[in-house]
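One-letter residues, chain by chain:
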Amino acid sequence: MGRALLTIFARDLAILLRGALGRGGALLPLLFFLAVAMMFPFAVGPDARLLARTGAGVIWVAALLAAILPLDRLVEPDMEAGFFDQWALRGLAEEAVLAVRILAHWLSFGVPLMLAAPISAGLLSLDRVQLLLIEQGLLLGTPGLAAIGVTIAALTAGLRAGSALGGMLAIPLAVPLLIFGAGSLQPGGEGGLVLLAASSLAALAIAPFAGAAAIRAGRE
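So, here's what we can say about the structure. (Residues numbered from 1 in each chain as written. Predicted model: local features only at pLDDT ≥ 70, side-chain atom pairs only at ≥ 80, totals over all residues. Heavy atoms only, no water.)

Another point: helix α1 (residues 2-18). A rise of 1.5 Å per residue sets the reference length of α1, with its 17 residues, at 24 Å; its end C-alpha atoms lie 24 Å apart and thus fit the reference within 8%. Every buried residue of α1 is accounted for by Leu 5, Ile 8, Phe 9, Asp 12, Leu 13 and Leu 16. Take α1 and look down its axis: the buried residues cluster within an arc of 130°, on one side only. Facing away from the buried side of α1, by more than 90 degrees, are the exposed residues Arg 3, Leu 6 and Thr 7. Where α1 is buried, its residues contact α5 (83-89) and α6 (94-123). (Helix = DSSP H or I, 4+ residues; strand = E, 2+ residues; numbered from the N terminus. Expected span 1.5 Å × (residues − 1). Buried < 20%, exposed > 50% of the residue type's maximum accessible area, 1.4 Å probe, protein only. Arc of directions from axis to C-beta. Contact = heavy atoms within 4.5 Å.)

In structure tokens:
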């Protein structure tokens with residue numbers, strides 16, 4: 001079973017990094033993330049203090065949107081191709097497959113966003129201390145965003161306009177992560193990272209089981 005899950009993980013990561021039919025892949029969320037950080041100063045003006053106060057929120061909203069960009073290819077293609085049925089026949093639980101997919105999804109967008117965070121911080125006039133907090137927050141929070149994305153993809157797989165519906169469902173579920181992530185940069189927000197980590201762990205714990213239940217319900 002371990003070798004089969006490792007094979008699935010390698011396949012999932014390759015698909016997410018490459019993108020559907022080689023279009024975009026992990027580069028698209030990264031470019032979207034940087035584009036939001038680049039355009040925001042044009043919208044609010046060059047006031048460095050204002051940018052520093054609001055920059056954390058902008059980065060977290062951009063991270064959420066980057067996480068939900070590939071929703072349409074996280075679960076639905078494999079359900080349509082019957083892969084989940086084949087894996088179930090081979091004794092692979094849906095929970096295990098989805099846990100592996102969450103890891104692959106996180107590696108395909110979370111790590112690139114962390115690498116791009118210094119550029120975004122510079123565009124938003126954030127200092128070195130704020131950048132360190134953002135990096136810590138992204139490390140703790142993006143796994144939760146990946147878990148929410150995979151869960152929503154499983155819930156909406158096979159539905160008409162499932163990608164758009166998935167985006168609307170993911171946003172309210174991710175609100176705690178955004179609040180705690182952005183709040184950790186505010187004065188007196190030292191506990192934000194702890195709450196962010198707790199929320200992310202809760203999402204990671206629930207996601208494989210919720211997503212697996214949705215896949216089994218869709219099969220029946």
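Read on, since the account is not over.
With that settled, the discussion passes to the packing of α6 against helix α7 (residues 128-156). Closest axis-to-axis distance for the α6/α7 pair is 8 Å, and the angle between their directions is 150°. When the axis of α6 is compared with that of α7, the two are roughly antiparallel. The crossing of α6 and α7 is right-handed. Side by side, α6 and α7 meet where Leu 98, Arg 101, Ile 102, His 105, Trp 106, Phe 109, Gly 110, Leu 113, Met 114, Ala 117, Pro 118 and Ala 121 of the first sit next to Leu 131, Ile 134, Glu 135, Leu 138, Leu 139, Thr 142, Pro 143, Leu 145, Ala 146, Ala 147 and Val 150 of the second. Here the residues of the contact of α6 with α7 are counted per class, giving 18 nonpolar, 3 polar and 2 charged. (Axes fitted to C-alpha atoms, helices over the stretch in contact; angles between N-to-C directions. Parallel < 35°, antiparallel > 145°, perpendicular 65-115°, else oblique. Left-handed = near helix turned anticlockwise from the far one by under 90°. Nonpolar A, V, L, I, M, F, W, Y, C, P; charged D, E, K, R; others polar.)

Moving on to the packing of aromatic side chains. Tallied over the full model, the rule gives 2 aromatic pairs. Ring geometry for Phe 83 against Trp 87: centres 5.8 Å apart, planes inclined by 20°, an arrangement best described as stacked. Placement of both Phe 83 and Trp 87 in helix α5 is noted, with a separation of 4 residues, approximately one turn of the helix. By relative accessible area, Phe 83 is classed as partly exposed at 29%. Judged by its relative accessible area of 8%, Trp 87 falls in the buried class. Judged by centre distance (5.3 Å) and plane angle (85°), the rings of Phe 84 and Trp 87 are edge-to-face. (Phe/Tyr/Trp six-rings, centres within 6.5 Å; stacked < 30°, edge-to-face > 60°.)

Counting across every chain of the model gives 6 salt bridges. Of the charged contacts in the structure, one is a salt bridge between Asp 78 and Arg 11, with a shortest N-O distance of 2.6 Å. Of the two residues, Asp 78 is situated in helix α4 (residues 76-81) and Arg 11 in helix α1; the sequence distance between them amounts to 67 residues. Across the pair Glu 94 and Arg 216 runs a salt bridge whose closest N-O atoms are separated by 3.0 Å. One end of the pair, Glu 94, is in helix α6; the other, Arg 216, is in helix α9 (residues 192-219), with 122 residues separating them in the sequence. Assessed through its relative accessible area of 29%, Arg 216 is described here as partly exposed. (Salt bridge = Lys/Arg side-chain N within 4 Å of Asp/Glu carboxyl O.)

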